[in-house]
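Summary of structural features
Each chain is listed here by its residues.
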Amino acid sequence: MDPFNRSLGGIYKLFDGFEIFVNLVLTFLIIVITSASLYHLVIEVFVLLFGRAENTTSIDLIQGIFGMFFTVLIAMEFKHSIITTSDLHPAGPARMRSVILIGLLATVRKFIVADLQQVNAMDLFALSGAVLSLGSVYYLIRRSDTPPQGTKRMLLPPDADHAG
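In what follows, the accompanying structure is described. (Residues numbered from 1 in each chain as written. Predicted model: local features only at pLDDT ≥ 70, side-chain atom pairs only at ≥ 80, totals over all residues. Heavy atoms only, no water.)

**Remarks on helix H3 (residues 93-113)**
Given a rise of 1.5 Å per residue, 21 residues ought to cover 30 Å, and the 30 Å separating the end C-alpha atoms of H3 matches this to within 8%. Of the positions making up H3, those classed as buried are Arg97, Ser98, Ile100, Ile102, Leu104, Leu105 and Thr107. (Helix = DSSP H or I, 4+ residues; strand = E, 2+ residues; numbered from the N terminus. Expected span 1.5 Å × (residues − 1). Buried < 20%, exposed > 50% of the residue type's maximum accessible area, 1.4 Å probe, protein only.)

Structure (structure tokens):
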């Protein structure tokens, strides 16, 4: 065995260990952020339902609650991204879909919490373009990752001969 390859193997193992450590730290931090966000969301909903005498259909109140809701969803999608793509190649379709979905959720959240009385038309066009672009890319990646209709995707064992 070539000593150069042996030393690279050690570097790859070291990096794999580092990647596992980073994934664990990120997982812990996302759990903390998601838990805190969920706690505040639950408190706001209970206060809205049982504690406030003011108008419960206030646009500002509903936008705030939906903004908090999307914050929890985005945090959950980040966690899903770490779990499902940690073993995949960084440029794989699953990782790209996950990143695009997170961007799409964040952009939609921006739409929901935006005060339409104070947002100018150019900002709305920019957000609309971002949603359209992200949605189109997500559709194209998703479409390219699924087999054509009417065909079945064959699952071959890892040692199967693909040549013939």
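**A short note on a nonpolar patch on the surface**
There is a patch of nonpolar side chains on the surface, built from Phe15, Phe18, Phe21, Val25, Leu26, Phe28, Leu29 and Val32 and spanning about 780 Å² of accessible area. Residue position: Phe15 is located in helix H1 (residues 3-51). (Patch = residues over 30% accessible without salt bridge, like charges linked within 9 Å, V, L, I, M, F, W, Y side chains within 5 Å. Areas by Shrake-Rupley, 256 points an atom, 1.4 Å probe, with all protein chains shown as cover. Salt bridge = Lys/Arg side-chain N within 4 Å of Asp/Glu carboxyl O.)

**Points about the nonpolar core**
Listed in full, the five residues of the largest apolar core are Leu41, Leu48, Leu61, Ile65 and Val72. Examining the composition of this core, we find that three residues originate from one element, helix H2 (residues 59-85), more than from any other. (Core = buried A, V, L, I, M, F, W, Y, C linked by side-chain atoms within 4.5 Å.)

**Points about the packing of H3 against helix H4 (residues 121-145)**
Where H3 meets H4, the closest approach of the two axes is 9 Å, and the angle between their N-to-C directions is 155°. The angle between the axes of H3 and H4 places the two elements in the roughly antiparallel class. Seen from above, H3 lies across H4 with left-handed handedness. Contact with H3, carried on its side by Pro93, Met96, Arg97, Ile100, Leu101, Gly103, Leu104, Thr107, Val108, Lys110 and Phe111, involves Leu124, Leu127, Ser128, Ala130, Val131, Leu134, Gly135, Val137, Tyr138, Ile141, Arg142 and Asp145 of H4 and no other residues of that element. (Axes fitted to C-alpha atoms, helices over the stretch in contact; angles between N-to-C directions. Parallel < 35°, antiparallel > 145°, perpendicular 65-115°, else oblique. Left-handed = near helix turned anticlockwise from the far one by under 90°. Contact = heavy atoms within 4.5 Å.)

**Side note on the environment of Met96**
Structurally, Met96 can be placed in helix H3. Exposure remark for Met96: the relative accessible area of 36% places this residue in the partly exposed category. As a C-alpha pair, Met96 and Tyr138 span 42 residues in sequence and 8.3 Å in three-dimensional space.

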